[in-house]
Amino acid sequence: MKTEIKFKPGFAVVHVKLQPGETITAESDAMASMSSHLQIKTKFNGGFFRGLIKKFFGSESLFINDFTCPINGKEAELVLTQPTPGDIWELELNNSSFFLQPGAYIAHSGNVTLGVKWAGIGSWINKEGLFKLEVKGTGKVFFGAYGCIIKRKVTGDFIVDSGHLVGYSKGITMSMGLAGGIFSSFFGGEGIVSRLKGDGEIYLQTRNLSALATLTNKYL
Amino acid sequence: MNIELLHRPANAVAKITMSSGEKIISEAGAMIAMSEDMSVVTSKYAKGGSGGFLKGIKRLFAGENFFMNRFSPGPNGGELYLGTSSMGDLMTRKIDGEFIVQGGSFVACEDTIDVDASWQGFKSLFSGESTFWVKLSGTGQVIVNSFGAIYEVDVNDTYTVDTGHIVAFEETLDFSVRKAGGSWISAIFGGEGLVCEFNGKGKVYCQSHNQNNFGYSLAPMLKEV
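Residues numbered from 1 in each chain as written. Chains lettered and ligands numbered in written order. Predicted model: local features only at pLDDT ≥ 70, side-chain atom pairs only at ≥ 80, totals over all residues. Heavy atoms only, no water.

S.K.: Where do I start with the overall build of chain B in this structure?
M.R.: Secondary structure summary: chain B contains 3 helices and 15 strands in total. A total of 225 residues make up chain B; the buried ones form 52% of that total. Within chain B, contacts between residues separated by at least 24 positions form 76% of all contacts whose residues are at least 6 apart in sequence. (Helix = DSSP H or I, 4+ residues; strand = E, 2+ residues; numbered from the N terminus. Buried < 20%, exposed > 50% of the residue type's maximum accessible area, 1.4 Å probe, protein only. Contact = heavy atoms within 4.5 Å.)

Next up, the structure:
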């Protein structure tokens, strides 16, 4: 399997070439175009109940699709995309696990499982979802964002504005906090933020869809 | 006529340099700027004339504006800038024959081309695209736009494109609408629903993103009007 992320960073898509027998799993409705002989198999996103939890609390889809190139077929092509224009990055998991924010997951290959983890009330108030998606195992994971993606190493404490966190590695815990004092938090426009603690990597998005909505709402 | 695309892919704009006698037909509202002596005639367009009312009506259903503008420069030639309302790319290519453009993707073409909203049968109703397609026929340059980036697929046999991702295709291709995957369960619950399958030999131009999906992501956060 060959994967390439094209049209970075504004309109990134994942361009996949599958050899006979190979499979890639993608978020529902992620397919933009493909070779017609690819087989699509729809399955629950990690079992019925966990799928339901993910759908209603994690903004993920109840179903995901397996795209398989038939054993006796020729090489197949698949283009995967996301609803918002923006960047896509890939993550190599090597018997490890990573957390993705609701809506960031696009696809994975290899031996990777998708699970849900309780993210906490703080996360929910912070509009980051009541649950978070855990990708775990060995393989490749593709995730996307609205705007560009920034990768940063965190040691100790770090603060991210709500709506800008895309994913973080397992050694990091998240809690809700205020950007500064009461005054600057509410009048300075930063409001509630995520406080991250631990050692690991985080991914941020440079834009935020709810900020676009707030901007647009002024004119509606 | 020289068409130059600037600021691709996110904020693409077409800069068109025209000699006297050359004409461009564009979708209403696409003009950003132009030479002072450019003449603009707004009409219900049909090739070489003022256009038929029926063709205008058909174009209205195609997601295009009822009226089109015809730009002709003055005696010393002129310059015309065309843009689109969505963030995304533009593409230009010379056609010789027939070229089918998805309703909302048509931007402009040379006056030597006939613009018609052609009925593609009932299948278009279910394809997630607009009911009509804009059919361009003749020889000349055309400009189309996309939401996101445009990529070209050389179809040689068969290729599947999700509804809402088709920008344009060559008339040599035949398309049919079918369910994604082997079963209706996949099609309905897998989120891919109905897809368009192209058969034959020719080029199909796809857009990386789908305006509807972006709209559905944003809409829940917008206030009720």
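S.K.: Would you mind going over the pattern of salt bridges with me for this structure?
M.R.: A pair can form between side chains of opposite charge whenever their charged atoms are brought close. Summed over the entire model, instances satisfying the criterion amount to 13 salt bridges over all chains. The closest approach of N and O atoms between Asp87(A) and Lys8(A), which form a salt bridge, is 3.1 Å. Placement of Asp87(A) in the loop between strand E7 (76-80) and strand E8 (88-100) and of Lys8(A) in the loop between strand E1 (2-6) and strand E2 (13-18) is noted, with a sequence separation of 79 residues between them. Among the residues examined, Asp87(A) registers a relative accessible area of 5% and is labelled buried. As a salt-bridge pair, Glu152(B) and Lys203(B) come within 3.8 Å of each other at their nearest N and O atoms. Placement of the pair is Glu152(B) in strand E12 (residues 150-162) and Lys203(B) in strand E15 (residues 194-207), with a sequence separation of 51 residues. The class for Glu152(B) is partly exposed, based on a relative accessible area of 46%. (Salt bridge = Lys/Arg side-chain N within 4 Å of Asp/Glu carboxyl O.)

S.K.: Would you mind going over unusual backbone geometry with me for this structure?
M.R.: With glycine set apart, most residues show a phi of negative sign, and most peptide bonds adopt trans. Between Lys8(A) and Pro9(A) the backbone carries a cis peptide bond, its omega angle lying at -10 degrees. With omega at -5 degrees, the peptide bond leading from Arg8(B) into Pro9(B) counts as cis. Here Pro9(B) shows up in the loop between strand E1 (2-6) and strand E2 (13-18). Phi is positive for Asp29(A), close to 70 degrees, though the residue is something other than glycine. Relative to the elements of secondary structure, Asp29(A) occurs in the loop between strand E3 (23-27) and strand E4 (31-35). Given the relative accessible area of 23%, Asp29(A) is considered partly exposed.

S.K.: Honestly, the sheet that holds strand E4 (residues 31-34) of chain B in this entry has me stumped. Any pointers?
M.R.: Note: strands within a sheet are paired through backbone hydrogen bonds, in either parallel or antiparallel orientation. Residues and elements named next belong to chain B. The 4 strands are arranged E1-E2-E7-E4 in an open sheet whose pairing can be described as antiparallel. Only two strands of the sheet have a single partner each, and these edge strands are E1 and E4. For this sheet the average axis-to-axis angle between neighbouring strands, irrespective of direction, equals 20 degrees. Two elements, E1 and E2, share 5 bridges in a ladder whose sense is antiparallel. Along E2, the bridge assignment pairs Ile3 with Ile16. (Pairing = 2+ DSSP bridges. Axes fitted to C-alpha atoms, helices over the stretch in contact; angles between N-to-C directions.)

S.K.: Help me understand the packing of aromatic side chains in this model?
M.R.: Both the distance between ring centres and the angle between the ring planes are used here to describe each pair of aromatic rings. Under the criterion given, the structure shown has 11 aromatic pairs over all chains. With centroids separated by 5.6 Å and ring planes inclined at 65 degrees, the aromatic side chains of Phe98(A) and Tyr203(A) adopt a geometry described as edge-to-face. Taken as a pair, Phe98(A) in strand E8 and Tyr203(A) in strand E14 (residues 192-205) lie far apart in primary sequence, 105 residues in all. Ring geometry for Phe169(B) against Phe175(B): centres 5.6 Å apart, planes inclined by 75 degrees, an arrangement best described as edge-to-face. As far as burial versus exposure is concerned, Phe169(B) and Phe175(B) are alike and both buried. Chaining the aromatic ring pairs together yields one cluster made of Trp89(A), Phe98(A), Phe143(A) and Tyr203(A). (Phe/Tyr/Trp six-rings, centres within 6.5 Å; stacked < 30°, edge-to-face > 60°.)

S.K.: Sorry, what's going on with the interface of chain B and chain A here?
M.R.: How big an interface is tends to be stated in terms of the accessible area lost upon association of its parts. Residue-level contacts link 39 residues of chain B with 37 residues of chain A. The tally of links between chain B and chain A comes to 1 salt bridge. Salt-bridge contacts for Asp157(B) lead to Lys74(A); the nearest nitrogen and oxygen are separated by 3.6 Å. Elements with a contribution of two residues or more to the side of chain B that touches chain A: E12, helix H2 (184-189), E15 and helix H3 (211-218) of chain B. Among the elements that take part in the side of chain B that touches chain A, E12(B) stands out by supplying 8 residues, more than any other. Of the residues assigned to the side of chain B that touches chain A, the class counts are 18 nonpolar, 15 polar and 6 charged. Alignment of E4(A) against E12(B), held across 3 bridges, turns out to be antiparallel. For Ser33(A), the partnering residue across the bridge sits in E12(B) and is Val161(B). (Nonpolar A, V, L, I, M, F, W, Y, C, P; charged D, E, K, R; others polar.)

S.K.: Can you walk me through the environment of Glu36(B) in this structure?
M.R.: Mapping Glu36(B) onto the fold places it in the loop between E4 and strand E5 (39-43). Considering only alpha carbons, one finds Glu36(B) and Gly74(B), 38 residues apart in sequence, at a separation of 8.8 Å.

S.K.: I would appreciate a short explanation of a nonpolar patch on the surface in the present structure.
M.R.: A cluster of nonpolar side chains, Met31(B), Met34(B) and Val40(B), forms an exposed patch at the surface whose accessible area comes to about 220 Å². By secondary structure assignment, the location of Met34(B) is in strand E4. (Patch = residues over 30% accessible without salt bridge, like charges linked within 9 Å, V, L, I, M, F, W, Y side chains within 5 Å. Areas by Shrake-Rupley, 256 points an atom, 1.4 Å probe, with all protein chains shown as cover.)

S.K.: Looking at this structure, how should I read the nonpolar core?
M.R.: What tends to happen in soluble globular proteins is that the nonpolar side chains get buried as a cluster. All names here are of chain A. Counting 23 residues, the largest nonpolar core has Ile24, Leu38, Phe67, Leu78, Leu80 and Phe142 as the members making the most contacts within it. Among the elements of the structure, E2, E3, E4, E7 and strand E9 (105-118) are those that each provide at least two residues to this core. Residues in contact with Ile24, not counting those within four places in the same chain, are Met1, Val16, Leu18, Asn65, Asp66, Phe67, Leu78, Leu80, His108, Ser109 and Phe142. (Core = buried A, V, L, I, M, F, W, Y, C linked by side-chain atoms within 4.5 Å.)

S.K.: Explain the side chain of Thr160(B) to me, please; I cannot follow it from the model alone.
M.R.: Mapped onto the secondary structure, Thr160(B) falls in strand E12. Among the residues examined, Thr160(B) registers a relative accessible area of 0% and is labelled buried. At a separation of 2.7 Å, a polar atom in the side chain of Thr160(B) contacts the side chain of Ser36(A). Every residue in contact with Thr160(B), bar those within four places of it in the chain, is listed here: Ser33(A), Met34(A), Ser36(A), Arg178(B), Val195(B), Cys196(B) and Glu197(B). (Polar contact = N/O pair within 3.5 Å; in protein donor to acceptor, adjacent residues only side chain to side chain.)

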